[in-house]
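A look at the structure
If you want the building blocks of each chain, they are given just below.
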Amino acid sequence: MKSKASSPGKVILFGEHFVVYGVKAILCAINKRITVTAEKVDGNKISIKSNIGNLELEPNKLISEIDSPLKPFYYLADKMIKNQNTGIDIKVESDIPLGVGLGSSSACCVAGAAAISKLFRDTTKKEILEMAIEAERTIFENTSGADCTVCTYGGIMAYDKKNGFTKIESEPNFHLVIANSNIEHSTKSIVAGVKQFKEKNEDEFSRLCDNEAKLIEDVLKILKTNSVGELGKKITENQKYLETIGVSNDKLRDMIQIGQKTSFGAKITGAGGGGCIFALTDTSNLNQTINELQSKNYDCFSVKIDFKGLDTF
Ligand code: MEV
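Here the structure is a predicted model, which means the values were calculated and not measured. (Residues numbered from 1 in each chain as written. Predicted model: local features only at pLDDT ≥ 70, side-chain atom pairs only at ≥ 80, totals over all residues. Heavy atoms only, no water.)

Observations concerning the site of the ligand
The condition that has to hold: When at least one non-hydrogen atom of a residue lies within 4 Å of a molecule or strand, that residue is treated as near it. As used in this structure description, the phrase polar contact means that two N or O atoms lie within 3.5 Å; if the pair is within protein, one of them must be able to donate a hydrogen and the other to accept it, and residues adjacent in sequence are counted only when both atoms belong to side chains. Using the Shrake-Rupley algorithm and a 1.4 Å probe, accessible areas are obtained, with residue cover drawn only from the displayed protein chains. Only DSSP runs of H or I with at least four residues qualify as helices, and only runs of E with at least two residues qualify as strands; both kinds are numbered from the N terminus onward. Each residue gets one of three labels, nonpolar for Ala, Val, Leu, Ile, Met, Phe, Trp, Tyr, Cys and Pro, charged for Asp, Glu, Lys and Arg, and polar for the others, Gly among them. In this entry, domain limits derive from an automatic or database-based domain assignment.
Contacts to the ligand come from 14 residues, most closely from Lys 10, His 17, Phe 140, Ser 144 and Asp 147. Lys 10 is positioned such that a nitrogen or oxygen atom in its side chain is 3.1 Å from an oxygen atom of the ligand. Take Ser 144: an N or O atom from its side chain is 2.6 Å from an oxygen atom of the ligand. When the free accessible area of the ligand is taken as 300 Å², the share hidden by the protein chains comes to 97%. Breaking the shell around the ligand down by element, the ones donating at least two residues are strand S1 (2-14) and helix H5 (187-200). In terms of residue class, the shell around the ligand is made up of six nonpolar, five polar and three charged. A domain-level breakdown of the shell around the ligand finds at least three residues from each of domain 1 (2-169) and domain 2 (175-304).

And the structure:
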């Protein structure tokens, strides 16, 4: 028996890092996906194959002793086959660049939870999301849960840790130009760095959280009017807060500056420290923005919002 699920990657439009401390963030799913195929097989093995490597282990291993980025899959499979006489083969295919802040690991957890659990029982999206967040915690304990949430439900949404998500009903017609610094980053260590910043600068951090919260409220109003220019100004403003907490660097700043020349606004998306930036465009400045970034040899591509979210088949 085989089952398959696919989940989109994501862009955090506003509020990364501050969302870890309870501030609302605004995210959207993007039209790049991860597909996971799971199959029950004879034998006592959990086997995972992906383009970042393979992992094959017997069930019942201690998660803390597994040193592999594929361990969320092992965690999910091991949990599901308890007291069942079966092994599991898992295959992961991705068109999301991996480890650069576009939600590849959350999409893996969501599509993995859906594909693996479907071998055993029917599940709701809510249950899949809970399993996915649990699996993500095996590699990044302090996750806010925002990324897995948007990878599950798709579309554009506001999210906070306490109240969960609220879908934003307008369907903004923008294009995001993503530029990849090709600097790998670890979300876990960048989030730890921000924690240190917060502990050393409590008052400043609390002011920044207030500013971010106010900015998000403004953005929610702007999204109702579909004014891409106004939205762009808020993106550029949000980038200043990310600079202050120390998650930017020279390469990201250079890409942002180039992006800001022709687009409505540009900022880091995700943890920063490496990974990607995005520039907000529409059809009037999409090609020009891509050309500017490519002329400086930056690796870039455009994405649109994915409204489907998790898909099982
Ligand atoms: C990472 O994509 C987003 C962060 O805000 C961490 C999190 O929300 O868990 C940096």
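What to know about the domain arrangement of the protein chain
This is how it is decided: Note on contacts: a residue pair qualifies if any of its non-hydrogen atoms lie within 4.5 Å across the two residues. Two parts placed together each lose some accessible area; with a 1.4 Å probe, that loss summed over both constitutes the buried area. Just to be clear on terms, a salt bridge is a Lys or Arg side-chain nitrogen sitting within 4 Å of an Asp or Glu carboxyl oxygen.
Domain annotation for the protein chain reports domain 1 (2-169) and domain 2 (175-304). Distance from the C-alpha centre of domain 1 to the C-alpha centre of domain 2: 24 Å. Counting from both sides, the interface comprises 28 residues of domain 1 and, opposite them, 42 residues of domain 2. Where domain 1 abuts domain 2, roughly 2,800 Å² becomes buried across the two surfaces, and 75% of that area is made up of carbon and sulfur atoms. The interface formed by domain 1 and domain 2 includes two salt bridges. Our count for the contact surface shared by domain 1 and domain 2 stands at twelve residue pairs in polar contact (both at pLDDT 80 or more).

Points about helix H6 (residues 202-225)
So the rule is basically this: By definition here, a helix of n residues has an expected span of 1.5 Å times n minus one. Accessibility here uses a 1.4 Å probe with only protein chains present; expressed as a share of the type maximum, an area under 20% marks a residue as buried, one over 50% as exposed, and anything in between as partly exposed.
Taking 1.5 Å of rise per residue, the 24 residues of H6 would be expected to cover 34 Å, and the 35 Å separating its terminal C-alpha atoms lies within 8% of that figure. Restricting attention to buried positions, one finds in H6 the residues Phe 205, Leu 208, Cys 209, Glu 212, Leu 215, Ile 216, Asp 218, Val 219, Leu 220, Ile 222 and Leu 223. On the buried face of H6, the contacting elements are S1, strand S2 (25-41), strand S6 (156-160), H5 and helix H7 (228-244). After H6 finishes, the residue Asn 226 shows a positive phi value of roughly 60°.

Digging into helix H3 (residues 125-136)
Between its first and last C-alpha atoms H3 spans 16 Å; for twelve residues at 1.5 Å apiece the expected length is 16 Å, and the two agree. Among the residues of H3, those classed as buried are Ile 128, Leu 129, Met 131, Ala 132, Ile 133, Ala 135 and Glu 136. At its buried positions, H3 is contacted by helix H1 (71-80), helix H2 (104-118) and helix H4 (146-153).

Section: the UniProt feature "domain: GHMP kinase C-terminal" (unreviewed entry) in the protein chain
Put simply, the rule is: UniProt positions are given in the numbering used here, feature names are shortened, and annotations may be inferred rather than shown by experiment.
Per the UniProt record, the feature "domain: GHMP kinase C-terminal" (unreviewed entry) sits at residues 223-297. Its end C-alpha atoms 32 Å apart, residues 223-297 is made of 57% helix and 15% strand.

Some words on the pattern of salt bridges
Inspection of every chain in the model, using the stated rule, returns 18 salt bridges. Ionic pairing is found between Lys 126 and Glu 130, a salt bridge with its closest N-O pair at 3.6 Å. Of this pair, Lys 126 and Glu 130 are both found in helix H3, four residues apart, which corresponds to roughly one turn of the helix. The salt bridge involving Lys 261 is made with Glu 292; its shortest N-O contact spans 3.5 Å.

Topic: the sheet that holds strand S11 (residues 299-303)
To keep things clear, this is the line we draw: Any two strands are treated as partners once DSSP identifies two or more bridges connecting them. Angles here are taken between N-to-C directions and fall from 0 to 180 degrees, while the axes themselves are lines fitted to C-alpha atoms, restricted in helices to the stretch in contact.
What the four strands build is an open sheet, ordered S9-S10-S8-S11; its pairing is antiparallel. Strands with a single pairing partner mark the edges of an open sheet, and in this sheet they are strand S9 (265-269) and S11. On average, each strand axis in the sheet is inclined to that of its neighbour by 25°, with strand direction left out of account. Running at roughly 45° to S9, H7 makes contact with S9 and strand S10 (276-281) of the sheet.

Quick word on the UniProt feature "domain: GHMP kinase N-terminal" (unreviewed entry) in the protein chain
Under the present numbering, the feature "domain: GHMP kinase N-terminal" (unreviewed entry) in UniProt falls on residues 79-155. Its end C-alpha atoms 30 Å apart, residues 79-155 is made of 48% helix and 10% strand.

Notes on the packing of aromatic side chains
We apply this condition: Note on aromatic pairs: the rings of Phe, Tyr and Trp (six-membered ring only in Trp) are paired at centre separations within 6.5 Å, and the planes decide the class, stacked below 30 degrees, edge-to-face beyond 60, tilted for the rest.
This model, assessed by the stated rule, comprises four aromatic pairs. Counting every residue linked through ring pairs, the aromatic cluster contains Phe 18, Tyr 21, Phe 197 and Phe 205.

Some remarks on the packing of H1 against H3
To keep things clear, this is the line we draw: If an angle is under 35 degrees, it is roughly parallel; if it is over 145, roughly antiparallel; if it lies from 65 to 115, roughly perpendicular; otherwise it is oblique. The crossing is said to be left-handed when, going from far helix to near helix, the turn is anticlockwise and less than a right angle, and right-handed when the turn is clockwise.
For the pair H1 and H3, interaxial distance at closest approach is 8 Å and the crossing angle is 125°. If you check the angle between H1 and H3, you find them oblique. The handedness of the crossing between H1 and H3 comes out as right-handed. Here Pro 72, Tyr 75, Leu 76, Lys 79 and Met 80 of H1 lie close against H3, whose contacting residues are Met 131, Glu 134 and Ala 135. Taken together, the residues of the contact of H1 with H3 sort by class into six nonpolar, no polar and two charged.

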